[in-house]
Amino acid sequence: MTAASAVVYEHADTILRERPFYGDYRAGRIGASRYAREIDASVSSLIEAGVAPGDVPFLKRRPPDDRQAVADILSDLRRRGLLCAVDWDEAGFSRHARKMRTEFEHDGRRTYIASEEAMLMYALVDLIRPKRVAFLGSYYGYWAFWALPTLARHGGTAVLIDIDEPVSMLSARNVRQFAYEGSAEVVTADACEWMSQAKEQYDMLVLDAECPLTHPDPAVRGKRIYAPLLRAGLAALAPRGWVICHNILVSHAPADPDLDAIIERNLEEYRDFFQITGEHLEGFFRYDTTEGIGIGTSPGRAERHGGAHVVPGGRARGCSTPRSRDS
C-alpha cells in the first residue's frame, strides 16, 4: 500500500479528478445534488479504479472546497461565541501537509480522516491554543498529527492513547520522525481507564475510537465506546474545555439509501453518547464534513477577558493573538 492510498479520501480524490464532473463540482459549476447523481452513475467504474465499495457513499459528502468548508465551520463557532477569531495559519498548514504526504509513515494502515477534517483540526488548535490535549482512541496518530505542529508552536502538549500496541508503536515512531517528543506522549492503554485516573486537566478531548462489533461487552461495540470515553474524559476536562469527535454522521440531505443505513446505525450507537453531551456540555454542534464532526464545550466558571474565555490561572483561549507567519 502506498502512502497516497493509505489516506482513503485523498486516494479517492485522485481517482475522482479523472472524471470531468468532479472538476465541475469543485469549481462550483454543478451543485451537490447533481454531483451525488454522478457518483451514483459511476459506482462500478469507481470501484474498478480502486475505491472500496463501502467508501463510495461517503464520496457524496466531499465538500467542493476544503478551505471554504473549514471557514464555514469556524464562522459558525464564532457566531455561537465559542471562537472570537477565525484567522488561522493557512501557510503553516500547507507546509505541514507537504511534509505529511512525504514523511508520515502509515505502515500498511488506512485512515479515514478527510482532507477538510485534517485542516479543521489544525485550524482549531491554532485558534484555541490548548495547553493539554488528549486523543482518545488515537489509532496510529494521523488525525493527532494535524494538531501537533501548531500545538508544539504554542507550547501545548498532547497524549495519544490507544489500546492497540502495534498502532501505538507506529504513532511513537512518527512522533520521533517529526521530532515531537517534547510535545506528544504516546500511551498504550484502555483510554477509559487511563482518563479515569488522570491527575491533570485537559483543555481538549478528541474522540475517534471504535470497538470491534465482536467485543464481549455490547455496550461498547462500534461507536458505542464514545459514551464511556466521554464519561471518563469529562472528569478531567477543564472548564470551557473542548470536545471534538470524528464520525458524527447523523444527517444527510437529500435522502440516500446507503447513507441512510449508516445514519440509522449511528443514531443507535450514539444514543447514550448524545445523552451525555446533552447533560454535560453547553452545546454539541454537528458539522457535515465527509465523515461528520461534532464539536462541543464543557460548562464551567470562566472569566471574560478581551472577548476570550479565560480559565482562571490559564491563558486566553478562543482568540488568536498576533504571531509570526514564519513560525
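Per chain, the residues get numbers from 1 upward, laid out in the order the sequence is written. Only residues with pLDDT of at least 70 get local features here, since the model is predicted, and only at 80 or more are side-chain atom pairs given and counted; chain-wide, interface and lining totals rely on the full set of residues. Each side-chain value is derived from all of the structure's non-hydrogen atoms; neither hydrogens nor water enter the calculation.

### Focus: the packing of aromatic side chains
Inference 1: Between 30 and 60 degrees the pair is tilted, below 30 it is stacked and above 60 it is edge-to-face, where a pair is any two Phe, Tyr or Trp rings, Trp via its six-membered ring, whose centres lie within 6.5 Å. Under the criterion given, the structure shown has 24 aromatic pairs.
Inference 2: Centre to centre, the rings of F145 and Y180 are 5.7 Å apart; their planes meet at 55 degrees, and the pair counts as tilted. Of the two residues, F145 is situated in the loop between β1 (132-136) and α10 (148-153) and Y180 in the loop between α11 (165-177) and β3 (184-188); the sequence distance between them amounts to 35 residues. With respect to burial, F145 and Y180 carry one shared label: buried.
Inference 3: Ring-pair connections join several aromatic residues into one group, and the members of that group are W88, F93, F104, Y122, Y139, Y140, Y142, F145, W146, F178 and Y180.
Inference 4: Sitting over the ring of F274, R286 keeps its end group 4.0 Å from the ring centre. Secondary structure follows DSSP: runs of H or I at least 4 residues long count as helices, runs of E at least 2 residues long count as strands, and numbering of each begins at the N terminus. For each residue, the accessible area found with a 1.4 Å probe, counting protein chains only, is set against the maximum for its type, and the residue is called buried under 20%, exposed over 50%, and partly exposed in between. By definition, being over a ring means that NZ of Lys or CZ of Arg is both within 6 Å of the ring centre and within 35 degrees of the ring normal.

### Focus: the environment of V70
Inference 1: Position of V70 among the secondary structure elements: in helix α7 (residues 66-79).
Inference 2: For the pair formed by V70 and Y287, sequence separation is 217 residues and the distance between their alpha carbons is 10.0 Å.

### Focus on the environment of A179
Inference 1: Topologically, A179 is positioned in the loop between α11 and β3.
Inference 2: Its relative accessible area of 56% is what places A179 among the exposed residues.

### Quick notes on the pattern of salt bridges
Inference 1: Any carboxyl oxygen of Asp or Glu that lies within 4 Å of a side-chain nitrogen of Lys or Arg is treated as forming a salt bridge with it. All chains considered together, the criterion is met by 23 salt bridges.
Inference 2: Notably, a salt bridge pairs R110 with D55, separated by 3.5 Å at the nearest N-O pair. Separated by 55 residues along the polypeptide, R110 in the loop between α8 (90-103) and α9 (115-128) and D55 in the loop between α5 (43-49) and α6 (56-59) bring together distant segments of the chain.
Inference 3: Overall, the relative accessible area of 30% leaves R110 in the partly exposed class.
Inference 4: Taking the shortest distance from any N to any O, the salt bridge between D126 and R153 comes out at 3.2 Å. Of this pair, D126 sits in helix α9 while R153 sits in helix α10, placing them 27 residues apart in sequence.
Inference 5: On the basis of relative accessible area, D126 is assigned to the buried category, the value being 0%.
Inference 6: On the accessibility criterion, R153 (26% relative accessible area) is partly exposed.
Inference 7: Via salt bridges that share partners, R224, E268, E269 and R271 belong to a single interconnected network.

### Some details on α7
Inference 1: One less than the number of residues in a helix, times 1.5 Å, gives the span that helix is expected to have. For α7, which comprises 14 residues, the first-to-last C-alpha distance of 20 Å matches the rise-based estimate of 20 Å (1.5 Å per residue) to within 8%.
Inference 2: Within α7, burial applies to D66, A69, V70, I73, L74, D76 and L77. Each buried residue of α7 lies within a common arc of 160 degrees when the element is viewed along its axis, so the set occupies one face.
Inference 3: Residue contacts are counted whenever heavy atoms from the two residues lie within 4.5 Å of one another. The secondary structure elements touched by the buried residues of α7 are α3 (20-26), α9, β5 (237-246), β6 (283-287) and β7 (293-297).
Inference 4: Nitrogen and oxygen atoms within 3.5 Å of one another constitute a polar contact, given that in protein one can donate a hydrogen and the other can accept it, and given that sequence-neighbouring residues count only through two side-chain atoms. Of the residues that open α7, the one with a side-chain oxygen 3.0 Å from the backbone nitrogen of R67 is D65. Each direction from the helix axis to a C-beta atom contributes to the arc, which is the arc of those directions.

Function cannot be read off these values alone, since they describe shape.
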